[in-house]
Amino acid sequence: MFSVNHQKFMEMDELSLQKTPYFFIIDFLCNKVEIYRENEIENSGLLIDFQSFSTLKNNNKLHKKTVWKSYPESLESFKKGFDKVQKNIHLGNSYLVNYTRKTKIETNLTLEEIFHHSTAKYKVFYKDFFVFFSPETFVKIIDDKIFTYPMKGTIDASVENAEETLRNDKKEKAEHYTVVDLLRNDLSIVADHVKVDKFQHIDLIRTQQKNLYAMSSEITGNIKPEFTGRVGTIMKKLLPAGSILGAPKPKTLEIILDAEGYDRGYYTGVCGWFDGKNVDSCVMIRFIEKEKDTLYFKSGGGITHMSQLEDEYQEMKNKIYVPIY
């Protein structure tokens, strides 16, 4: 079920203590951990485009009209896992569960083309196996200060007064408070003087299908002396990421594994770049994966006791997009 790859996290520690730059990819269950030193990236089949680090040489224009079709599961199918989640919430086993689904998609774009022509804070193309274009930072470490930016709450930007509606929506607000509280507690494991610096910040995410507003907050702290330079240990303590899991973490993980009935794999894991001193990492969401010749888009959202089935089903579908416009 949840077997952490301790050896790989130790290897990350060794490299970061030696101040050796590397890129890391960690799957949802912290079992698969891949580490690429800077000189290994070019031959690895990885393409990376972060704000702080990029392997892009040039970016040609896209000379074709994007074809994009998705085939979401039925509401009845979605409801099976949703009901399991709600039952556990009502039993008091969890108060926030991030429930995700995988949806078959068809497009005339290759995964590599999606990587090159999407607009996002964080993009990775991985060996013709998956691509993601994530708006969500996991943690940044800058001069022994740690920052995290939990993102919870989205709304269709075309809705009247969308920003205000999102900020004041009872369910979205409760979900956001929960995740901020969870991440503040998580950060306190590895940092002192943890505080919320920005609360309920709204970002616009543009896509060809529709524009979305997303809500995030900024939490900061000073890394405790025993964790200084130990990037692997820090990641191991903080994962899985609270924003794509829920709370409390151990029981919520059990609920997710039962309710979803599919393997998330690298989806909702994290990846990041250590430059020899600082770290920039993201949550691997907005995620397309290739299984044989079929493409699947993995998406979902947070479920609380206030969640309505149809709204959550719609949110899962809203997130099936490419930010090419």
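Residues numbered from 1 in each chain as written. Predicted model: local features only at pLDDT ≥ 70, side-chain atom pairs only at ≥ 80, totals over all residues. Heavy atoms only, no water.

Per an unreviewed UniProt entry, the protein goes by the name Aminobenzoate synthetase and belongs to Chryseobacterium piperi.

There is about 350 Å³ of room inside the largest pocket. Lining the largest pocket are 18 residues, with Thr154, Asp169, Glu172, Asp311 and Glu315 positioned closest to its centre. Sorting the residues of the lining of the largest pocket by element identifies β10 (151-156), α4 (162-168), α5 (170-190) and α8 (309-318) as the ones contributing at least two each. When residues in the lining of the largest pocket are grouped by element, the largest group, five residues, is from α8. (1 Å grid on protein atoms, 1.4 Å probe; cavity = no way out; pocket = protein on both sides within 12 Å on 5 of 7 lines; lining within 4 Å. Points joined across faces, edges and corners; volume = space filled by probe spheres on them. Helix = DSSP H or I, 4+ residues; strand = E, 2+ residues; numbered from the N terminus.)

Between helix α2 (residues 75-90) and α8, the least distance of the axes is 10 Å, while the angle of their chain directions is 110°. In terms of orientation, α2 lies roughly perpendicular with respect to α8. On α8, the residues that touch Leu75, Phe78, Lys79 and Phe82 of α2 are Leu309, Glu310, Glu312, Tyr313 and Met316. Residue classes in the contact of α2 with α8 are distributed as six nonpolar, no polar and three charged. (Axes fitted to C-alpha atoms, helices over the stretch in contact; angles between N-to-C directions. Parallel < 35°, antiparallel > 145°, perpendicular 65-115°, else oblique. Contact = heavy atoms within 4.5 Å. Nonpolar A, V, L, I, M, F, W, Y, C, P; charged D, E, K, R; others polar.)

Another aspect to go through is empty space enclosed by the protein. Empty space among the atoms becomes apparent when a probe as large as a water molecule is rolled across them. For the structure shown, the criterion picks out two cavities of 30 Å³ or more. Along its surface, the second largest cavity is lined by Phe78, Tyr99, Gly300, Gly301, Ile303, Glu312, Glu315 and Met316. Sorting the residues of the lining of the second largest cavity by element identifies β17 (294-303) and α8 as the ones contributing at least two each. Residue composition of the lining of the second largest cavity, grouped by class: four nonpolar, two polar and two charged.

Mapping Asn278 onto the fold places it in the loop between β14 (270-274) and β15 (279-283). Among the residues examined, Asn278 registers a relative accessible area of 18% and is labelled buried. Once residues lying within four places of it in the same chain are set aside, the contact partners of Asn278 are Ile141, Ile142, Asp143 and Trp273. (Buried < 20%, exposed > 50% of the residue type's maximum accessible area, 1.4 Å probe, protein only.)

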